[in-house]
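Each chain is listed here by its residues.
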Amino acid sequence: MSGGVTETTFVGRHAETEQVTRLVRRARLVTLTGPGGVGKTRLAHRVAEVVGAETPGGFRIVDLSSLTDPHELPRTVAAVLGAAPGDGSVPPAPEALAARLDPRGSLLVLDTCEHLAEPVARLTVALLGAAPRLRVLATSRRPLGPPGEHVYPVPPMRTEDAVALLRDRAAIGPAPASFPAPEPDSALDPGSDADPDLGSDPDPDPDPGFDAGPGQGTGPTPDPDPDGLAALCERLDRIPLAVELAAVRLRAASPAFSPALLARSLDDRYAVLTGGGGPVRHQSMRAAMGRSHELCGPAERLLWARLSVFPAGFDLEAAERVCAGGPLPAGAVLDALTGLADQSLVWREEHPAGARLRMLDTVREFGAEWLLRLGETGDLRGRHRDHYLRLAGHCAAEWPERQAEWAGRMRAERHNLRAALDLCLADPARSRAGAALAGSLWFLWICCGLPDEGRHCLDTALRVHAEPGPERFRVLWARSWVALRQGDPQTAGRLLGLLRAEDREGHATGHALQIEGLIALVRREFVRAARLLGRAADGHAAGGAEGPGGRGGGMSPEPPACRPLAALSLLAAGRTGEAAETLARDRRPRDDPGGEWSRAHTEYALAWIERIGNRGRTAARHARTALAGAWRLGDPLLTAACLELVAWTATAPPDAAGNAGAAAGGRVAAGLLGAARSARGARAAGWPVDAMIRRWAAAEAVRVLGGAGFDTRFTEGMAFDLAFAVDYALGEKNP
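Since the model is a prediction, treat every value here as computed from it, not as a measurement. (Residues numbered from 1 in each chain as written. Predicted model: local features only at pLDDT ≥ 70, side-chain atom pairs only at ≥ 80, totals over all residues. Heavy atoms only, no water.)

Across its full length, the chain holds 33 helices and 7 strands. Buried positions account for 54% of the 735 residues belonging to the chain. For the chain, restricting intrachain contacts to residue pairs at least 6 apart in sequence, the fraction spanning at least 24 positions comes to 74%. (Helix = DSSP H or I, 4+ residues; strand = E, 2+ residues; numbered from the N terminus. Buried < 20%, exposed > 50% of the residue type's maximum accessible area, 1.4 Å probe, protein only. Contact = heavy atoms within 4.5 Å.)

What follows deals with the environment of Ala623. Within the secondary structure, Ala623 is located in helix 29 (residues 616-633). The class for Ala623 is buried, based on a relative accessible area of 0%. Through-space distance from the C-alpha of Ala623 to that of Leu730 is 9.3 Å; in sequence the pair is 107 residues apart. In contact with Ala623, other than residues within four places in its own chain, are Ala607, Leu645, Val646 and Thr649.

Here the focus is the packing of helix 29 against helix 33 (residues 722-729). With their axes 10 Å apart at the nearest point, helix 29 and helix 33 run at an angle of 155° to one another. Classified by the angle their axes make, helix 29 and helix 33 are roughly antiparallel. The two elements helix 29 and helix 33 meet at a crossing, and its hand is left-handed. Contact with helix 29, carried on its side by Arg624, Leu627 and Trp631, involves Leu722, Ala723, Val726 and Ala729 of helix 33 and no other residues of that element. Looking at side-chain class alone, the contact of helix 29 with helix 33 contains 6 nonpolar, no polar and 1 charged residues. (Axes fitted to C-alpha atoms, helices over the stretch in contact; angles between N-to-C directions. Parallel < 35°, antiparallel > 145°, perpendicular 65-115°, else oblique. Left-handed = near helix turned anticlockwise from the far one by under 90°. Nonpolar A, V, L, I, M, F, W, Y, C, P; charged D, E, K, R; others polar.)

What the 5 strands build is an open sheet, ordered 2-3-4-1-5; its pairing is parallel. The sheet is open, and its two borders are formed by strand 2 (59-63) and strand 5 (150-153), each paired with just one other strand. Recorded for the sheet is a direction-independent mean angle of 20° between the axes of neighbouring strands. The pairing of strand 1 (residues 29-33) with strand 4 (residues 134-140) spans 5 bridges and is parallel. Residue pairing for strand 4: Thr31 is matched across the bridge by Ala138. Against the sheet, helix 5 (residues 117-130) contacts strand 1, strand 3 (106-111) and strand 4, and its axis sits at roughly 165° relative to strand 4. (Pairing = 2+ DSSP bridges.)

This paragraph deals with helix 32 (residues 688-718). Here helix 32 is 31 residues long, yet its end C-alpha atoms lie only 22 Å apart, well below the 45 Å a rise of 1.5 Å per residue gives. At Gly706, helix 32 shows its maximal kink, close to 110°. (Expected span 1.5 Å × (residues − 1). Bend = angle between axes of the 7 residues up to and from the residue.)

It is worth spelling out the pairing of strand 3 at this point. Of all 6 residues in strand 3, 6 are buried; the element is thus mostly enclosed. Alternating residues of strand 3 divide into Ser106, Leu108 and Leu110 and Leu107, Val109 and Asp111, and every residue in both groups is buried. As judged from the 5 bridges shared by strand 2 and strand 3, these two strands associate in the parallel manner. Each residue of the ladder has a partner; that of Ile61, found in strand 3, is Val109.

So, on to the nonpolar core. Counting residues in hydrophobic clusters, the biggest one holds 159 residues, and the most contacted among them are Leu307, Met410, Phe443 and Trp608. With 11 residues, helix 32 is the largest single contributor of residues to this core. Once you skip the residues sitting within four places of it in the chain, Leu307 turns out to touch Phe314, Ala319, Cys323, Leu337, Leu340, Val346 and Met359. The next biggest cluster of nonpolar side chains, apart from the first, holds 26 residues, and it includes Ala78, Leu97, Ala117 and Leu127. (Core = buried A, V, L, I, M, F, W, Y, C linked by side-chain atoms within 4.5 Å.)

The next point concerns the confidence of the model for the chain. In regions of low pLDDT, the predicted coordinates are not meant to be interpreted in detail. Scored by pLDDT, the chain comes out at a mean of 83, with 80% of its residues at no less than 70. Throughout residues 176-221 the model reports pLDDT below 50, and contacts reaching past four residues in sequence, or to other chains, amount to 86 contacts. Across residues 540-553, where pLDDT falls below 50, the model places 41 contacts with residues more than four positions away in sequence or in other chains. (pLDDT = per-residue confidence, 0-100.)

Turning to the packing of helix 3 (residues 73-81) against helix 5, a few remarks are in order. Look at helix 3 against helix 5: their axes get within 10 Å of each other, and the N-to-C directions meet at 55°. Put simply, helix 3 runs oblique to helix 5. Helix 5 is crossed by helix 3, and the crossing has right-handed handedness. Contacts from Leu73, Pro74 and Val77 in helix 3 reach Pro119, Val120 and Leu123 in helix 5. Its residues placed into classes, the contact of helix 3 with helix 5 shows 6 nonpolar, no polar and no charged.

Next up on the list: the environment of Arg677. Relative to the assigned elements, Arg677 resides in helix 31 (residues 662-680). Since its relative accessible area comes to 10%, Arg677 is described here as buried. Linking Arg677 and Leu643, residues 34 residues apart in sequence, is a C-alpha distance of 9.6 Å.

As for its position among the elements, Phe366 is in helix 15 (residues 361-374). Sequence separation between Phe366 and Trp304 is 62 residues; the distance between their C-alpha atoms is 8.7 Å.

Turning our eyes to something else, we now look at the packing of aromatic side chains. For the coordinates displayed, the defined rule picks out 13 aromatic pairs. Ring centres of Phe724 and Tyr728 lie 6.4 Å apart, and the angle between their planes is 25°; on these two criteria the pair is classed as stacked. Within this pair, Phe724 and its partner Tyr728 are both found in helix 33, separated by 4 residues, close to a single helical turn. A cation sits over an aromatic face here: Arg373 above Trp370, 4.6 Å from the ring centre. (Phe/Tyr/Trp six-rings, centres within 6.5 Å; stacked < 30°, edge-to-face > 60°. Lys NZ or Arg CZ within 6 Å of the ring centre and 35° of its normal.)

Applying the stated criterion across every chain, the model contains 45 salt bridges. Two residues, Glu700 and Arg611, come together in a salt bridge whose shortest N-O distance is 3.0 Å. Residue Glu700 is found in helix 32, and its partner Arg611 is found in helix 28 (residues 595-612); the two are separated by 89 residues along the sequence. Per residue, the accessibility class of Glu700 equals that of Arg611, and both read buried. Here the salt bridges share partners, and the residues they tie into one network are Arg42, Asp168, Arg169 and Glu244. (Salt bridge = Lys/Arg side-chain N within 4 Å of Asp/Glu carboxyl O.)

Further remarks concern unusual backbone geometry. You will see that Asp237, though not glycine, has its phi angle at about 60°, which is positive. Relative to the helices and strands, Asp237 is located in the loop between helix 7 (229-235) and helix 8 (240-252).

Each turn of an α-helix holds 3.6 residues, which means side chains three or four residues apart point in the same direction. Taking 1.5 Å per residue, 14 residues should reach 20 Å; helix 2 (residues 40-53) reaches 20 Å between its end C-alpha atoms and fits that length. The element helix 2 is largely enclosed, with a buried count of 10 among its 14 residues. Those residues of helix 2 that fall on the buried side of the exposure criterion are Lys40, Thr41, Arg42, Leu43, Ala44, His45, Val47, Ala48, Val51 and Gly52.

A complete count under the given rule lists 0 disulfides for this structure. No disulfide involves Cys395; its nearest neighbouring cysteine sulfur is the one of Cys448, lying 9.2 Å away. (Disulfide = S-S within 2.5 Å.)

The following block contains the structure:
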């Protein structure tokens with residue numbers, strides 16, 4: 001078998017082999033496309049072995065990688081088929097080639113066609129016409145283009161296949177044994193609270209809300225990648241050629257050279273990934289990418305270089321705004337982008353925020369080298385930064401009315417936003433803009449499940465931009481809330497003190513009151529928390545300047561979700577009537593900068609109130625509305641909390657309209673509690689009210705199912721995919 005680094009065994013690709021085999025069986029021309037080194041040749045050979053074994057004429061492979069003269073194409077095919085090569089300058093006719101094929105059926109593999117795409121397409125059409133039972137499987141970095149061609153883009157390997165390939169080629173033994181599984185315990189043990197007073201917390205002791213499920217004890221969590229091979233394969237984009245070249249390095253290196261060290265050296269991957277055997281184009285990643293570069297036109301090469309400033313995915317608008325200019329006018333970007341996509345250098349992906357494009361790191365870094373040679377790196381990075389600053393400004397302006405849409409889009413752009421932020425903060429003259437950007441993305445850090453990334457960005461902004469003002473105030477506020485989301489009230493308190501010390505004119509009073517209230521909530525000082533959050537909601541903040549911060553750089557008039565969080569604090573204190581009054585006073589929910597996220601908290605509180613009143617059907621409706629809002633915004637902690645809330649409402653006594661049976665409700669509750677436990681993870685922090693709901697739901701489910709029945713269903717729920725669990729809770733799926 002040819003086309004790889006060495007003549008070796010075929011590893012992985014079982015799903016791809018089955019898919020392509022089925023395609024070849026029903027289509028006469030199939031082309032495998034993909035970037036250099038992705039494994040097109042190996043996959044084609046494997047499929048040829050499978051299909052050839054069931055084809056009367058078997059299969060023949062024509063390697064076109066070294067052919068440069070298109071006029072010699074028919075002779076090259078003839079040499080493999082055993083046909084007469086033709087006389088003098090006259091190549092053999094397609095009919096003569098077809099005559100050498102078994103009339104009952106044959107498979108012809110044309111390998112490495114991208115540099116001869118048009119002549120290969122013409123010859124293929126002629127051969128298929130002359131031999132009705134012939135099938136052709138081609139490999140090319142771009143489609144050949146004739147009518148009837150079925151294109152199969154070969155993706156990078158699955159992680160587990162890439163790891164298996166790396167182990168095989170580097171002669172690495174099996175993975176070391178993982179940690180022993182911890183002994184099961186019943187960490188969701190409802191204990192004596194099987195029938196708690198639903199209006200108050202049955203357990204006054206501090207509880208961070210980390211209830212572990214059955215079988216989830218306090219033992220060490222097994223490391224899913226103990227030898228670092230999976231992480232290395234991800235850095236290699238799971239491209240088979242890159243994996244095999246890395247294996248060469250690991251085999252040749254000293255015993256102290258680990259996969260983790262090799263992964264860290266991949267910042268200069270083209271210097272590292274060399275030394276393979278086989279065809280010249282596969283002896284290094286630079287050779288593989290260089291071949292693709294040669295096949296590109298001038299506009300495509302320039303766009304490839306300029307697209308390298310995007311650290312991750314991007315959309316067409318960003319590509320046109322950032323990359324157009326000079327010899328590449330805006331109107332030419334789409335055509336050049338299409339050419340790169342045809343050659344598998346740019347990949348199109350469907351995303352909830354819309355169609356997006358991306359380059360593998362291996363492709364992007366090759367483009368970055370060329371951008372540096374062109375002397376455009378600084379200019380393109382500046383264009384990239386300015387585009388995403390503008391995008392953040394548009395988001396801030398439209399956030400109140402289009403929150404779910406913007407949350408999805410900005411989550412998709414977070415790597416580009418991070419690059420823009422880093423560039424701003426690296427320039428003292430732009431530190432204010434960087435702080436404004438970091439603060440304006442508060443909803444990403446707090447509402448959309450990115451607190452770790454937010455902590456890094458906000459800490460950097462605080463370190464670089466030390467001048468008191470609305471931009472820094474917003475960063476201090478957002479960083480305080482991130483600390484609370486991560487279960488760190490001490491850091492939140494320290495930052496709150498800094499915010500108050502710097503805010504001498506009281507521009508951020510309302511936001512400071514909110515953080516103080518949230519700290520009290522985390523510390524289970526529920527009545528005090530409700531009072532402070534209520535004061536924050538009453539508008540104790542002064543407005544700030546327009547710009548990207550809270551309508552752009554200043555502080556918004558009211559911090560988000562204050563009233564619903566105040567209501568939840570009152571519910572936790574057993575003051576149901578006051579909680580309902582607090583929600584009734586929230587007459588401007590659309591003006592809340594938390595928007596849909598705040599409304600999800602409001603629905604959460606309403607569900608609690610209805611559940612206490614044994615109005616199960618109404619409570620379930622509010623709980624599902626809260627869950628739908630949290631899921632649309634991508635908040636994993638609020639989604640998990642809402643799953644537990646739906647679980648609690650599932651155990652409510654029948655109301656006038658009738659509910660599902662008690663056993664069915666208990667099974668729903670136990671399954672959703674398991675799914676929520678899995679979604680939350682072992683270290684994520686929630687509000688204390690989440691733990692209360694969780695305990696009550698578990699207590700009532702255990703009462704109905706018994707301990708063993710609860711544990712069984714809880715464990716089943718832990719295996720639910722989060723999207724499936726949400727659909728199940730919303731009544732759209734059944735396990």
